[in-house]
Amino acid sequence: MSTDKTKYLKWIQSTLRTVQKPGRYIGNELGTTIKDPQKVKVKVALAFPDTYEIGMSYIGFKVLYNIINNIPYASAERVFAPWIDMEECMKKDNVALMSLENYIPLREFDIVGFTLQYEMSYTNILNMLALGRIEIKSENRWKTSPFVVGGGPNAFNPEPLWEFFDFFVIGDGEEVIPQLIDTLKEWKETGAERKVFIKEISKFQGIYVPKFYKVYYFKDGTIKSIDPVENSVIPVKKSIVKDIETVPYPTITPIPWIESVHDRGSVEIFRGCNRGCRFCSAGFIYRPVRERSMDTIIHLVDEILRHSGYSDISLTSLSSGDYTNIVPLVRELLSRYKDKHISISLPSLRMDSFSVELAEMISSLKKTGFTFAPEAATQRLRNVINKTITDKDIWDSITAVL
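Rules of the game
Residues numbered from 1 in each chain as written. Predicted model: local features only at pLDDT ≥ 70, side-chain atom pairs only at ≥ 80, totals over all residues. Heavy atoms only, no water. Pairing = 2+ DSSP bridges. Helix = DSSP H or I, 4+ residues; strand = E, 2+ residues; numbered from the N terminus. Contact = heavy atoms within 4.5 Å. Axes fitted to C-alpha atoms, helices over the stretch in contact; angles between N-to-C directions. Salt bridge = Lys/Arg side-chain N within 4 Å of Asp/Glu carboxyl O. Buried < 20%, exposed > 50% of the residue type's maximum accessible area, 1.4 Å probe, protein only. pLDDT = per-residue confidence, 0-100. Expected span 1.5 Å × (residues − 1). Lys, Arg positive; Asp, Glu negative; His and termini not counted. Polar contact = N/O pair within 3.5 Å; in protein donor to acceptor, adjacent residues only side chain to side chain.

Right, let's get into the sheet that holds strand E2 (residues 74–80). Strand pairing in a sheet is mediated by backbone hydrogen bonds. Such pairs are either parallel or antiparallel. With respect to topology, six strands assemble into an open sheet ordered E2-E1-E3-E4-E5-E6, the strand pairing being mixed. Edge positions in the open sheet fall to E2 and strand E6 (207–208), since each of these has one partner strand only. As paired elements, strand E4 (residues 147–151) and strand E5 (residues 167–169) share two bridges and run parallel to each other. Within the sheet, the bridge partner assigned to Val149 lies in E5 and is Phe167. Across the face of the sheet, helix H5 (residues 122–131) comes into contact with strand E1 (42–48), E2, strand E3 (111–115) and E4 while running at roughly 155° to E3.

Looking at where Trp142 falls in the secondary structure, it is placed in the loop between H5 and E4. Excluding its chain neighbours within four sequence positions, the residues that come into contact with Trp142 are Glu135 and Arg194.

Turning to the pattern of salt bridges, a few remarks are in order. What the rule picks out here adds up to 23 salt bridges. A salt bridge links Asp110 to Lys188; its shortest N-O distance comes to 3.0 Å. Taken together, the residues Asp110 in the loop between helix H4 (84–92) and E3 and Lys188 in helix H6 (residues 176–190) connect sequence positions 78 residues apart. Judged by relative accessible area, which is 37%, Lys188 ranks as partly exposed. Here Arg271 makes a salt bridge to Glu268, at a shortest N to O gap of 2.9 Å. Taken as a pair, Arg271 and Glu268 share a single burial class, namely buried. Each of Asp172, Glu174, Glu268, Arg271, Arg290 and Arg292 takes part in one network of salt bridges that share partners.

Attention now moves to the confidence of the model for the protein. Mean pLDDT for the protein: 90, with 96% of residues reaching 70 or above. By mean pLDDT, helix H11 (residues 356–362) is the weakest element of the protein at 72, and E1 is the strongest at 98.

With that settled, the discussion passes to the pairing of E1. Most of E1 is tucked away, with seven of its seven residues classed as buried. Because side chains alternate across E1, one face comprises the buried residues Val42, Val44, Leu46 and Phe48, and the other comprises Lys43, Ala45 and Ala47, equally buried. Pairing between E1 and E2: seven bridges, direction parallel. Bridging from a neighbouring strand, Val44 pairs with Ala76 of E2.

A separate point is H6. The end-to-end C-alpha separation of H6 is 21 Å, in line with the 21 Å expected for 15 residues at 1.5 Å each. For H6, the complete set of buried residues consists of Val176, Ile177, Leu180, Ile181, Thr183, Leu184, Lys185 and Trp187. Downstream of H6 by a residue or two, Gly191 has a phi angle that is positive, lying close to 75°.

Here the focus is the sheet that holds strand E9 (residues 265–268). What the three strands build is an open sheet, ordered E9-E12-E13; its pairing is parallel. Every interior strand has two partners, whereas the edge strands, E9 and strand E13 (343–345), have only one. Neighbour-to-neighbour, the strand axes of the sheet open up by a mean angle of 25°, direction not taken into account. By the bridge criterion, four bridges tie E9 to strand E12 (residues 312–316) in an arrangement that is parallel. If you follow Glu268 over to E12, its bridge partner there is Thr316. Of the strands in this sheet, E9 and E12 are in contact with helix H9 (residues 294–308), which crosses E9 at around 160°.

The next point concerns the side chain of Lys35. As for its position among the elements, Lys35 is in the loop between helix H1 (3–15) and E1. Glu77 provides the closest opposite charge to the buried, unpaired Lys35, separated from it by 9.7 Å. One polar contact links the side chain of Lys35 to the main-chain carbonyl oxygen of Asn69, over a distance of 2.8 Å. A distance of 2.9 Å separates the side chain of Lys35 from the backbone oxygen of Ile71, its partner in a polar contact. Residue contacts for Lys35: discarding those within four places in its chain leaves Val40, Ile68, Asn69, Ile71, Pro72, Ala74, Ser75 and Asn102.

Written out as structure tokens, the structure is:
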């Protein structure tokens, strides 16, 4: 064990007594993957710019954690934003922000990848970079600095953060992330300049490098035009996994020490949405619709329950009721686990895809609440925003759950 790690462990042991929810900072949960930092060639910090219990609920975080750690020469470790009390202790004692797996300072990773889920977290990103002793602006980073990467839904509008990130991953990450890691490994072995790696990955579909584009603005701050430099590609097309059956989905993941916001197992049953509600960016970002087969979903549920001990499984998507075989799937899962008291949750149910049969099945093992979103009070307004449910749909759905 290194001297720095030993010092940090002594510090954290004494500090945990003084902060709220010390379980946020312990690490080493059941299901954690811990590799020897000396035996891997590429170290990735998966950074979620919010607290532990929020970040541990995010499926995308777990997907990338699983994919990267399945690469023999790479490791992924988790970093979350500390709460105010812990941050004060870190500043007072001059302690850098570290990962949960091996207590590695953020600045010692090769890649620090931030999940861009919502705009309110942007200031947390800058704060985490400062706490991790990483240069805030990308132009000030040296060859030994980590590459700071942004991904997730808000990466589709990267311009507000362009000064702070070396590059962005636009779209699905399951296939492009292994390419990035492989290229980074080769770049480290050559000892070439930082720009060589950036230039090479800019050729990948779904990679946007801000410094390779010149952005012009109108007086009101909106974008006037974007011109590529250094032979960069424009427009940058998002990375798309064409068949989600072919990409791995995590069934063994770290089980939080404390209750997370979504304290249950989750299976993504399909990705995308074809509804086109005009207020919903996710409906356009995650297109096209790609479903997992019913057999695959059942297998994933089996494995997650076997490795986690959860008593609730969430079948997640942007509109779970639109899954082609949703009624047979729910019926099979409830029958399969009726003696084990496993409940099934269906978030994001649309009122026009709801049915009496589905309502009865969901509530058969566990009393639950239902949340419906008509979005607008009149049919005319619903039509304007392309929310095509009718008054009859609303009343039929309400009647179904009474």
